[in-house]
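Residue-level listing of the chains:
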Amino acid sequence: MNTFEFVRPAEPTAATKFAAQAKTAQQGADVRFIAGGTTLVDLMKLSVENPTRVVDINRLPLDKIEGTADGGLKIGATVRNSDLAHHPAVQKDYVVLSQAILAGASTQLRNMATTAGNLLQRTRCMYFRNTAMPCNKREPGTGCPAITGANRMLAVLGTSEQCIATNPSDMCVAMAALEVTIHVQGPKGERAIPIADFHLLPGKTPERETIMEPGDLITHVTLPPPRAGSKQYYVKLRDRASFEFALASAAVVLTLDGGKVTHARVALGGVGTKPWRSPEAEAALAGQAATAANFRKAAEAALRDAKPQSENGFKIELAKRCLAHALNIATKDR
């Protein structure tokens, strides 16, 4: 790990001023925020991240969970994943979020990992994390050996000729289905960003993963008011039961009336280059009876544009079954 300066600002404006000195908030940034450090420290040890200044935001007043005026929920950037997953309001009204967080990592990591850190979590692609290998995300223009190499864990949705790395977050999949808003403070003021717009597809610039700019600091996220009677569920399929990233996952939020779907939000994990909201599946479900046959049609629609690589074609069928299962469990009386 290279030498770096460690800074502890006392309030958010000072933190953003430090970070605004960086040329980028993306790969290669020379200023990084740190809270739990469960991703950043690992990448610094691997020399994937080499900041010259690390700004500790743990002293900032960003660790609260509280209700909003419209009946939603406000979650601070430094709220630990364990606290969020076990919060009474989350378990009551946003259970899919609790389920997704508890499906991720280990208890020890969840006790350290934060809301903002999870939103900014980097891919676990082995080529990205190994500096001896080329990687367009880490070093633009060097190539993507994963396309013809070891790609079993990588994406089949949202890929490009430049990158097929998978977004690894469980929490973000549930947040995509819940349509959270991410609140950012930076040199240009405060911004409220729908999660659908926060993460970027790799396209020709895989090194740019989010819309964050130098100096931007995530302060909190807001969840919209819960829908009365909504049915929610998160399913994660992986190689082992503990501390493993998803081969495929699905978060669903539904409301029913007379056995028919009146509202549907669907997001997939483990298969996309970003947390993958599926309007195709949602459209296939709208107004339809909550049956296994219709759930399968929605799953087919969600994976219609999937592009498998040499080792991950199995993910397409796996993701279909994962989504159909999540829909089936969510709509059953439990």
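Rules used throughout
- Residues numbered from 1 in each chain as written.
- Predicted model: local features only at pLDDT ≥ 70, side-chain atom pairs only at ≥ 80, totals over all residues.
- Heavy atoms only, no water.
- Axes fitted to C-alpha atoms, helices over the stretch in contact; angles between N-to-C directions.
- Helix = DSSP H or I, 4+ residues; strand = E, 2+ residues; numbered from the N terminus.
- Parallel < 35°, antiparallel > 145°, perpendicular 65-115°, else oblique.
- Left-handed = near helix turned anticlockwise from the far one by under 90°.
- Contact = heavy atoms within 4.5 Å.
- Nonpolar A, V, L, I, M, F, W, Y, C, P; charged D, E, K, R; others polar.
- Domains from an automatic or database assignment.
- Polar contact = N/O pair within 3.5 Å; in protein donor to acceptor, adjacent residues only side chain to side chain.
- 1 Å grid on protein atoms, 1.4 Å probe; cavity = no way out; pocket = protein on both sides within 12 Å on 5 of 7 lines; lining within 4 Å.
- Points joined across faces, edges and corners; volume = space filled by probe spheres on them.
- Salt bridge = Lys/Arg side-chain N within 4 Å of Asp/Glu carboxyl O.
- Buried < 20%, exposed > 50% of the residue type's maximum accessible area, 1.4 Å probe, protein only.
- Core = buried A, V, L, I, M, F, W, Y, C linked by side-chain atoms within 4.5 Å.
- Expected span 1.5 Å × (residues − 1).

**Examining the packing of helix α12 (residues 292–302) against helix α13 (residues 314–331)**
The contact between α12 and α13 brings their axes to 8 Å, and the two run at 140°. Classified by the angle their axes make, α12 and α13 are oblique. At the point where α12 passes α13, the crossing takes the right-handed sense. Mapping the contact onto sequence places Phe295, Arg296, Ala298, Ala299, Glu300 and Ala302 in α12 and Glu317, Lys320, Arg321, Leu323, Ala324, Leu327, Asn328 and Thr331 in α13. A class-by-class count of the residues in the contact of α12 with α13 yields seven nonpolar, two polar and five charged.

**Points about the domain arrangement of the protein**
Assigned domains within the protein: domain 1 (5–56) and domain 2 (231–331). Using only C-alpha atoms to locate each centre, domain 1 and domain 2 end up separated by 35 Å.

**Observations concerning the side chain of Arg138**
Residue position: Arg138 is located in the loop between α8 (126–129) and α9 (171–178). Within the local environment of Arg138, its side chain forms a polar contact with the backbone oxygen of Tyr127, the two atoms lying 2.7 Å apart. Dropping the residues within four chain positions of it, Arg138 is found in contact with Gln27, Val48, Tyr127, Phe128, Arg129, Asn130, Thr131 and Met133.

**Observations concerning the layout of surface pockets**
Put simply, the largest pocket is a space of about 400 Å³. Elements with a minimum of two residues in the lining of the largest pocket: α5 (95–102), α6 (107–110) and α7 (115–119). The residue makeup of the lining of the largest pocket, split by class, is nine nonpolar, nine polar and six charged. If you count residues domain by domain, the lining of the largest pocket takes at least three from each of domain 1 (5–56) and domain 2 (231–331). A volume near 260 Å³ is recorded for the second largest pocket.

**Examining the pattern of salt bridges**
By the definition in use, this model includes 23 salt bridges. Measuring nitrogen to oxygen at the nearest pair gives 3.2 Å for the salt bridge that ties Arg8 to Asp56. Of this pair, Arg8 sits in the loop between β1 (5–7) and α1 (12–19) while Asp56 sits in strand β3 (residues 53–56); the two residues are 48 residues apart in sequence, bridging distant segments of the chain. Using a relative accessible area of 8% as the deciding quantity, one classes Asp56 as buried. One salt-bridge network, held together by shared partners, links Arg32, Glu49, Arg122, Lys137 and Glu209.

**A word on empty space enclosed by the protein**
Going through the model one piece at a time under the given rule, you end up with two cavities of 30 Å³ or more. Space inside the second largest cavity adds up to approximately 80 Å³. Considering the residues around the second largest cavity, the lining is formed by 14 residues, among which Cys125, Cys135, Cys144, Ala146 and Cys163 are closest to the centre.

**What to know about the nonpolar core**
The tendency in soluble globular proteins is for nonpolar side chains to be buried side by side. The biggest cluster of nonpolar side chains holds 48 residues, and the ones touching the most others in it are Leu97, Leu119, Ile218 and Leu223. For this core, the leading source of residues is α9, giving eight residues. The next biggest cluster of nonpolar side chains, apart from the first, holds 29 residues, and it includes Val235, Val271, Ala281 and Ala330.

**A look at the environment of Thr78**
With respect to the helices, strands and loops of the structure, Thr78 is situated in the loop between β5 (73–76) and α3 (81–85). Sequence separation of Thr78 and Asp63 is 15 residues, and the distance between their C-alpha atoms is 4.8 Å. Ignoring any residue separated from it by four or fewer positions in sequence, one finds Thr78 in contact with Ala35, Ile57, Leu62, Asp63 and Thr114. Separated by 3.4 Å, the side chain of Thr78 and the backbone nitrogen of Asp63 make a polar contact.

**As for the packing of α5 against α9**
Their axes nearest at 8 Å, the elements α5 and α9 cross at an angle of 165°. In this view, α5 runs roughly antiparallel relative to α9, as classed from their interaxial angle. Crossing of α5 against α9: the hand is right-handed. In contact with Val96, Leu97, Ala100 and Ile101 of α5, α9 contributes Met171, Ala174, Met175 and Leu178.

**So, α13**
Note on helix geometry: an α-helix contains 3.6 residues per turn, so any two residues three or four positions apart are oriented the same way. Across its 18 residues, α13 extends 26 Å between first and last C-alpha, which sits within 8% of the 26 Å expected from 1.5 Å per residue. Restricting attention to buried positions, one finds in α13 the residues Lys315, Ile316, Ala319, Lys320, Cys322, Leu323, Ala324, Ala326, Leu327, Ile329, Ala330 and Thr331.

**Quick notes on unusual backbone geometry**
The phi dihedral of Ser47 is positive, around 65°, even though this residue is not glycine. You can see Ser47 is positioned in the loop between α2 (40–45) and β3. Ser47 sits in the partly exposed class, given a relative accessible area of 33%. With phi around 55°, Ala105 is a residue other than glycine that occupies positive phi space.

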